[in-house]
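# Results of the structural survey
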Amino acid sequence: PTTMSSLLTTENPVFVSYALCVTVLSIKMSFIAWNTVYHMVNSGGKGIRNPEDLIAGPCNPEPHPDDLKPYPPTERQRRMMGHDLENNVPFFAVGLIYVLVQAGPEWPIQSYTATKLFHHLVYWTGQRHEMRATVWTVTNSVFLYMCYLVLKVLLEKRGE
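Residues numbered from 1 in each chain as written. Predicted model: local features only at pLDDT ≥ 70, side-chain atom pairs only at ≥ 80, totals over all residues. Heavy atoms only, no water.

## What about the nonpolar core?
- Counting 21 residues, the largest nonpolar core has Tyr-18, Phe-91, Tyr-98 and Ile-109 as the members making the most contacts within it.
- Only helix H2 (13-42), helix H3 (72-100), helix H4 (107-124) and helix H5 (129-159) provide two or more residues apiece to this core.
- Considering every element that reaches this core, the biggest residue donor is H5, with 7 residues.
- Among all residues touching Tyr-98, those that are not within four sequence positions of it are Val-14, Ala-103, Gly-104, Pro-105, Pro-108, Ile-109, Met-146, Leu-149 and Val-150. (Core = buried A, V, L, I, M, F, W, Y, C linked by side-chain atoms within 4.5 Å. Buried < 20%, exposed > 50% of the residue type's maximum accessible area, 1.4 Å probe, protein only. Helix = DSSP H or I, 4+ residues; strand = E, 2+ residues; numbered from the N terminus. Contact = heavy atoms within 4.5 Å.)

And the structure:
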């Protein structure tokens, strides 16, 4: 019989794909966070959110109350991060269950990640909403397919 410890090894190609994809998506999310900071620092402190950030310091030596107002470049980065949190966190959880219950092959995990990276590029470069929506639809369809496979395995096991 297969044990959990044998599924969570580099000998399991589905786990390796999952681990690689989660790592890549996590790095992408970190990139968004650093890019947000970059825009705030390069603008002289625009786009900050917290009143205490109006205290003068090395990153914002001459803060102004307007710095708390939305600043389009940082707001875009925050929307991208929000989108990733809404989508990647469930993928991280379902993906691990997918590996543990041996729900299927690697390609859904890899497809989700590839389309999320493409979605990032589309969003980052300011493409039309229809383009973003189309890429998101593909990404979410792959995710829902993974959910279906997980549920199928779990319900079959429950019925035994």
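## Some thoughts on the pattern of salt bridges
- Summed over all chains, the structure comprises 6 salt bridges.
- Measuring nitrogen to oxygen at the nearest pair gives 3.3 Å for the salt bridge that ties Asp-66 to Lys-69.
- For Arg-78, the salt bridge is made with Glu-75, and the minimal N-O distance between the two is 3.0 Å. In this pair, Arg-78 and Glu-75 both sit in helix H3, 3 residues apart, roughly one turn of the helix. This pair shows no difference in class: Arg-78 is buried, exactly as Glu-75 is.
- Through salt bridges with shared partners, a single network forms among Lys-28, Asp-84 and Lys-116. (Salt bridge = Lys/Arg side-chain N within 4 Å of Asp/Glu carboxyl O.)

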